[in-house]
Amino acid sequence: ETIKELKGEQIEDDIRAAVNLRVDLRVDETYIPDVNQRLTVYRRMAAVRSEQDLDRIMDEVRDRYGPPPDSVLNLAEYAAIRLIADRIRVESLDRDGPAVVLKFRPDAKLDPAWLFRVIQARGDVVLLPPATLKLDLRGSEKRAAVRPKKGGDPVAGGSWWAARARAGEVAPGFTRDEILRPAKEDPRAEGGLFVRVGGLLRELSSGGSIS
């Protein structure tokens, strides 16, 4: 690091954001049966330092094992969220019931004026001094987050791996309990956990960054 600094080269920040959104990230055993190969995918996803690396890993996984299931898409989105958190130097992202708490590092690369503008424009975020944001998952935003991209996979609400529309029918044989059972949380669905958190992080990183 000292040699790089003397040469004027950029020193990579080795401190990573601690992300705990309480989402099941276990890759389906039917998709990658071998436990060592699953662990390799986990490690590679956890170690990515750029969106290009993440895209490359997902392409390799897709080529080797076929179309990725929701569990792998969730893992990729989790990695993408951590990348953005690292970029603006978030110390930790913790889900606490119906809220997500974002704590910034002392050297966070964020313009305070930009931060306040983002908070004022939304209805679901509050600032807790000195350097913490609380995202209320029950609250609503005053305005939409990132809109879907044209062409390719849509990026709904800023999600890295878009949740695809699903149509379901109640088939014969379903019991009353099965019909009334709450739907499993889809963090990549519109308004889901990943969309809300990823959208906020992308909004924070889209302007007002300071060196």
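The structure presented is a predicted model; accordingly, all values stated were derived computationally and were not measured.

**A look at the nonpolar core**
One recurring pattern in soluble globular proteins: nonpolar side chains tend to sit buried together. One finds Leu21, Leu93, Leu201 and Leu204 to be the most contacted residues of the largest nonpolar core, which totals 46 residues. The set of elements that each furnish at least two residues to this core consists of helix 2 (35–47), helix 3 (51–65), helix 4 (70–87), strand 2 (90–96), strand 3 (99–104), helix 5 (112–121), strand 5 (132–136) and helix 7 (193–205). Per-element tally for this core: the top contributor is helix 4, with 11 residues.

**Thoughts on the packing of helix 2 against helix 3**
For the pair helix 2 and helix 3, interaxial distance at closest approach is 10 Å and the crossing angle is 160 degrees. Looking at the two axes, helix 2 sits roughly antiparallel to helix 3. Where helix 2 crosses over helix 3, the handedness of that crossing is left-handed. For the pair formed by helix 2 and helix 3, the contact residues are Gln37, Val41, Arg44 and Met45 on the first element and Leu54, Ile57, Met58, Glu60, Val61, Arg64 and Tyr65 on the second. Residue composition of the contact of helix 2 with helix 3, by class: seven nonpolar, one polar and three charged.

**Quick look at the packing of helix 4 against helix 7**
Contact geometry of helix 4 with helix 7 gives a least axis separation of 9 Å together with a crossing angle of 25 degrees. Judged on the interaxial angle alone, helix 7 and helix 4 are roughly parallel. In the packing of helix 4 onto helix 7, the handedness of the crossing is left-handed. Residue-level inspection shows Asn74, Glu77, Tyr78, Ala80, Ile81, Ile84 and Ala85 of helix 4 in contact with helix 7, the latter providing Phe194, Val197, Gly198, Leu201, Arg202 and Ser205. Of the residues that constitute the contact of helix 4 with helix 7, the class distribution is eight nonpolar, three polar and two charged.

Definitions and cut-offs
Residues numbered from 1 in each chain as written. Predicted model: local features only at pLDDT ≥ 70, side-chain atom pairs only at ≥ 80, totals over all residues. Heavy atoms only, no water. Core = buried A, V, L, I, M, F, W, Y, C linked by side-chain atoms within 4.5 Å. Buried < 20%, exposed > 50% of the residue type's maximum accessible area, 1.4 Å probe, protein only. Helix = DSSP H or I, 4+ residues; strand = E, 2+ residues; numbered from the N terminus. Axes fitted to C-alpha atoms, helices over the stretch in contact; angles between N-to-C directions. Parallel < 35°, antiparallel > 145°, perpendicular 65-115°, else oblique. Left-handed = near helix turned anticlockwise from the far one by under 90°. Contact = heavy atoms within 4.5 Å. Nonpolar A, V, L, I, M, F, W, Y, C, P; charged D, E, K, R; others polar.

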